[in-house]
Amino acid sequence: MASRKSLFRRLSLSLGLLSTVIILVVSTLVFFFLSWRVGNQMQERAENTITFLAQALETPFWALDRESAAAVAEATSMDVNVGLLELRDSRGEEWFGYNTGNSLFIIREAEVSHDGQVIGFIRLGLEDSVRQKSLAGIGLAGGGIALLVIIAQYCLAKRLLRHYFQHPFAALDSLVGAYARGNYTQVDPGVYYTEFEPLVNAFLGMGQTIERQVSTLAESEEKYRVIFDNSPVGIFRSTLDGELLEGNVALGHMFGYSSREDFLASNGLRVEPVYADSSAREAYLRELLASPKALSREMKFVRKDGMYFEGVLTASIQQDADGRPVFLNGVVEDVSARKQAEERLRQSEEKFSRLFRLSPDVIVVMNMTEGRIVDVNEAFSRLTGFAYHEAVGKTAQELGLYTDPAMREFVRRRMQTTGQIDNVDFSLGCKDGRTISCVLSSQLLTVGDESCVMAVLRDVTEFKRMQELMIQSEKMISVGGIAAGVAHEINNPLGIIMVSSQNLVQRTRPDFPKNIEVAENIGLDMNLFDRYMQVRGLYDFVKNIQDAAVRAADIIRHMLDFSRRSESRRTTCDLRSVIKRATHLAGNDFDLKKSYDFKQIEIFWECDDNFPVVSCTETEIEQVFLNLFRNAAQAMASAQPQIVEPRIVVRMKAEADRVVLEVEDNGPGMPPEVQRRAFEPFFTTKPPGVGTGLGLSVSYFIITRSHDGQMRLESRPGQGTRFIIELPLSGPGPQKEDECIHDS
C-alpha cells in the first residue's frame, strides 16, 4: 500500500504557498508602483528645479551678473540628486557648469526669458543613483515585510488548522476507533463546530446503527443457534466434496447417534456413508449446480445400526465472493412416520371409498349452502334409479328425493341447529315415482373447504314388512289363544243346542212313527200339532236355531283351525294340481247372496318351467287358495264402478330354496288401513253374514305356522291386490312339465 500523505501538512503547505504567492504578487505590484512613484517624483522635482532656476536666473542674466547666477547655480548643484547643471547665455557662453559624471536618470533643459526675449539657457540632470537607492530600500523593506508576513501566516494557519481541523478529526478518529474496538457507547467527541455537527451526528448515528445491528445480529445468531440446536429436523453444512462441517442434535439422533458430537466424530466427517445410494448425492449435487434454487428430494438414508429410513433432503449451494460454489447447506427431515401415516391414510381413504361405494345403504353428500349433491354411492343409483351423472350437481328437491316438503325443512333445521340426525323415518322418492321407506341419519363434515352434509339412508321396507309380520304374528298368536279358549268353552253348549234342536225337529215331525205313537197315547192329534207349529212359525224358529248353530259351529271350526297347528301330515305335492283344484272348487261356488259368479272371472297362469314339487298339506293349501279366490271374486263383484273384465293372475316361480306363489286380481284394491288389518281374525269389510273374517287369518296361519312359510299382500286402491306366498322347498322332485298350466 502506498504511503499515505498528511492532509494537515498538505493543507498547511498549500495555504502557505498560496499566501506566499499572493504576498509576492502584491509586493511586486507595490514595488513597481513605488518605483513609478519615485520616478514621477524625480521628474516633478526636475521640472520644479529647472523652473525655479529659470525664474531665479532671469534677473542675473538680464543684468549679466555672472556671479549671482553662478551662486544660484552653485546652491542648486549642492542638491545630492543633481548630477548635471549648465548655465549659458543667449550667445551660448557658459556661465556655470557642474557635472558629477554619474549616470543620469532625467535631463531637462529650459530657456531663461525676459519680456519675451531669450536671454539664457539652463540644462539640468538628476542622478539615477538616488532613485536606485530608493528602490533598493523599498525592495528590501517590502521583501522583509513579505517574508515576515509569510512566516507569520504559515505559523498561524498551521495553528488554526490544527485547532479547527486536526483536533476534530482526531476526536472523530478516536470515536471511529472506539467503534472499531467494539465500544459503541454514545460519547460526544467534543467537537462543537457547526460544520462538524452533521459529521458528528452521522458518526453517532452510525454508532447507534452499528450497536443496534450488532445487537440484532447477536439476537439473530442466538435465535438461529437455538433453532439450530433444538430443530426437530436435521440441519447440516458440508463441502461439495462430502466433508461434514456442521450438524445439529436432531441430525445426530436421526442417524441413530446419542449426541451431535458422536455423529460429527463418526465416519471421519464424511457424508457419503449416510446415503443408501451413493450415486443419489452426486445426482442431487448435479441438479443443485444446474439450478441456483434450493431443491427437495426424497431419499433413503442409513442409520448407525444399518437400518434404512426415508427422508426429505432440502439444500442449496453457498458460493464464495467470486461466485464459486463452496458449501452445501440444507436440512434432512425424517418422513418415515409421515409416509407410514400417509399410507395408513391412503388405506383408510381407500377403505372409506370402498365402504362409501359398496355400502348397501344409500349415502349422499350435499353441500350446506345450496343443498347440491356432491357425491352419491352405487346404492343410491340402485335404489332411486338416478345414475351418478344425473344426481351430482342437482339438489335433492330437483330430483324429488323429498316426498314430504315438511321433511326437507325439518332436516335443514336440524342440521343447522344440532349438525346431526339419527335414525329418522324418511320417505325417499325415486326416479320412477316410487316411494321407499328409509331411516335417515346425517352428519356434518368438511370436504375440502366446503361444509357438507353426509346423509345415510337405509331401506327399511323389508324391515318394516317383517316388523308388521311379527306384530301380526304376535297379534294372531294372542288372538289364537283366546279363540281356542272361546271355541273350547262354546263348543260344548253349542253341541247341546245343535243336538237339542235336531231332536226337537225330529220329535215334532208328524210322520215319524214314534212321534205318532206317543201322541196317540196322550190323546194329541199330531196333524193339529203340526198345523199349530206351522201357524205359529215354530218350525222357522227351530230352523233359525239350527242355522245359527251351524254358523256358530262353522265359526268354532275356523277358530279351532286358526288356533292350533294342523295335525295333518305333509306329503310331496304338485302345487299346480292343488291350485287348479282350488280354482275348480271356487268355480262351483256360485252364490246369489254373495252376488258373485266365479265363472265370469278370467284366470291367467304364469308358471316357471320345471316348477318343483313342495312338501305340504294338500287340503290346507287348497283351502288357502280357495279363500284367496273367493275373496278376490267377492271384491271384484262388489267393486264400484263395476270391473269390466275381472281377472285373476296366478304366478308360480321358484327362487333358490323356496317357491313363490302369487294371486293377483284387478279388483278395487285395499286402502293402507285395511291392508294392515287384513290378516287379523274376525276383521272383515264384508256385510254382516257374508263373511266371518277368519278366512285370511286361517290362511295366514296355515302358511306361516303349518308350513313355515310367509304370506303378505300388496295392494293399491283402484289397482287390485296381490297376495304373495312363499313356501320352503322340500328338495328336488320329479318334474311334470306337462302339468304346468299357462292359460285357463
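Okay, so let's go over this structure. (Residues numbered from 1 in each chain as written. Predicted model: local features only at pLDDT ≥ 70, side-chain atom pairs only at ≥ 80, totals over all residues. Heavy atoms only, no water.)

**Some details on the overall build of the protein chain**
Here's step 1: Within the protein chain, the secondary structure is distributed over 21 helices and 21 strands.
Here's step 2: Computed over C-alpha atoms, the radius of gyration of the protein chain comes to 74 Å, more than 25% over the 27 Å expected from 2.2 N^0.38 for 744 residues, which places it beyond the range of a compact globule.
Here's step 3: C-alpha atoms of the protein chain, sized along the principal axes, occupy 255 × 80 × 50 Å.
Here's step 4: Taking all contacts inside the protein chain whose residues are at least 6 apart in sequence as the whole, residues at least 24 apart take part in 59%.
Here's step 5: For the protein chain, the separation between the mean place of its 82 positive charges and that of its 99 negative charges on side chains is 5 Å. (Helix = DSSP H or I, 4+ residues; strand = E, 2+ residues; numbered from the N terminus. Rg over C-alpha atoms; globule rule 2.2 N^0.38 Å. Contact = heavy atoms within 4.5 Å. Lys, Arg positive; Asp, Glu negative; His and termini not counted. Charge placed at Lys NZ, Arg CZ, Asp CG, Glu CD.)

**A few points about the sheet that holds strand S12 (residues 420-429)**
Here's step 1: With antiparallel pairing, five strands are arranged side by side in an open sheet as S11-S10-S14-S13-S12. The open sheet has two free edges, formed respectively by strand S11 (373-376) and S12, since each of these has just one partner strand. Across this sheet, the average inter-strand angle for adjacent strands is 30°, counted without regard to direction.
Here's step 2: Here helix H9 (residues 336-358) sits on the sheet and contacts strand S10 (362-367), S11 and strand S14 (450-459); the angle it forms with S11, its principal contact strand, is near 90°.
Here's step 3: Along the sheet, helix H13 (residues 405-417) contacts S12, strand S13 (435-447) and S14; its crossing angle with S12, the most-contacted strand, is approximately 160°. (Pairing = 2+ DSSP bridges. Axes fitted to C-alpha atoms, helices over the stretch in contact; angles between N-to-C directions.)

**Quick word on the sheet that holds strand S6 (residues 244-247)**
Here's step 1: The five strands are arranged S6-S5-S9-S8-S7 in an open sheet whose pairing can be described as antiparallel. Looking along the sheet, the strands with just one partner apiece sit at the ends: S6 and strand S7 (295-302). Pairwise comparison of adjacent strand axes, ignoring direction, gives a mean angle of 30° for this sheet.
Here's step 2: Alignment of strand S5 (residues 234-239) against S6, held across three bridges, turns out to be antiparallel. Note that in S6 the partner of Phe 236 across the bridge is Gly 247.
Here's step 3: Along the sheet, H9 contacts S7, strand S8 (308-319) and strand S9 (325-334); its crossing angle with S8, the most-contacted strand, is approximately 125°.

**Describing the packing of aromatic side chains**
Here's step 1: Going through the model one piece at a time under the given rule, you end up with 12 aromatic pairs.
Here's step 2: Ring geometry for Phe 679 against Tyr 700: centres 5.0 Å apart, planes inclined by 40°, an arrangement best described as tilted. Here Phe 679, found in the loop between helix H20 (672-677) and helix H21 (695-706), pairs with Tyr 700, found in helix H21; they are 21 residues apart in sequence, far enough to count as distant. Here Phe 679 and Tyr 700 have matching classes, each one buried.
Here's step 3: Through a chain of ring-to-ring contacts, three or more aromatic side chains come together here, namely Phe 255, Tyr 275, Phe 301 and Phe 309. (Phe/Tyr/Trp six-rings, centres within 6.5 Å; stacked < 30°, edge-to-face > 60°. Buried < 20%, exposed > 50% of the residue type's maximum accessible area, 1.4 Å probe, protein only.)

**Notes on the packing of helix H4 (residues 128-180) against helix H5 (residues 197-230)**
Here's step 1: Running from N to C, H4 and H5 cross one another at 5°; their axes reach a closest spacing of 11 Å. Considered as vectors, H4 and H5 are oriented roughly parallel to each other. Residues Phe 169, Leu 172, Leu 175, Val 176 and Tyr 179 of H4 lie in contact with H5, whose contacting residues are Leu 199, Val 200, Phe 203, Leu 204, Met 206 and Gly 207.
Here's step 2: A breakdown of the residues in the contact of H4 with H5 according to their chemical character gives 10 nonpolar, one polar and no charged. (Parallel < 35°, antiparallel > 145°, perpendicular 65-115°, else oblique. Nonpolar A, V, L, I, M, F, W, Y, C, P; charged D, E, K, R; others polar.)

**Quick notes on the packing of helix H19 (residues 618-637) against H21**
Here's step 1: Where H19 contacts H21, the two axes come as close as 9 Å, and the packing angle between them is 145°. Crossing geometry of H19 relative to H21 is assigned as left-handed. The residues of H21 that touch H19, namely those facing Glu 620, Ile 621, Gln 623, Val 624, Asn 627, Leu 628 and Asn 631, are Gly 695, Leu 696, Val 698, Ser 699, Ile 702, Ile 703 and Ser 706.
Here's step 2: Residue composition of the contact of H19 with H21, grouped by class: seven nonpolar, six polar and one charged. (Left-handed = near helix turned anticlockwise from the far one by under 90°.)

**A short note on the pattern of salt bridges**
Where charged atoms from two side chains of opposite charge approach closely, those side chains can pair.
Here's step 1: By the definition in use, this model includes 43 salt bridges.
Here's step 2: In this structure, Asp 322 and Arg 324 form a salt bridge, with 3.4 Å as the shortest nitrogen-oxygen distance.
Here's step 3: Within the structure, one salt-bridge network assembled from shared partners comprises Glu 606, Arg 651, Lys 653, Glu 662, Glu 664, Glu 714 and Arg 722. (Salt bridge = Lys/Arg side-chain N within 4 Å of Asp/Glu carboxyl O.)

**What to know about the nonpolar core**
Here's step 1: Leu 575, Phe 625, Phe 629 and Ile 648 are the most contacted members of the largest nonpolar core, which has 56 residues in total.
Here's step 2: Per element, the largest residue contribution to this core is nine residues, and it comes from H19.
Here's step 3: Setting aside residues up to four positions removed in sequence, Ile 648 forms contacts with Phe 598, Ile 601, Glu 602, Ile 603, Phe 604, Phe 629, Ala 632, Met 636, Val 663, Glu 664 and Asp 665. (Core = buried A, V, L, I, M, F, W, Y, C linked by side-chain atoms within 4.5 Å.)

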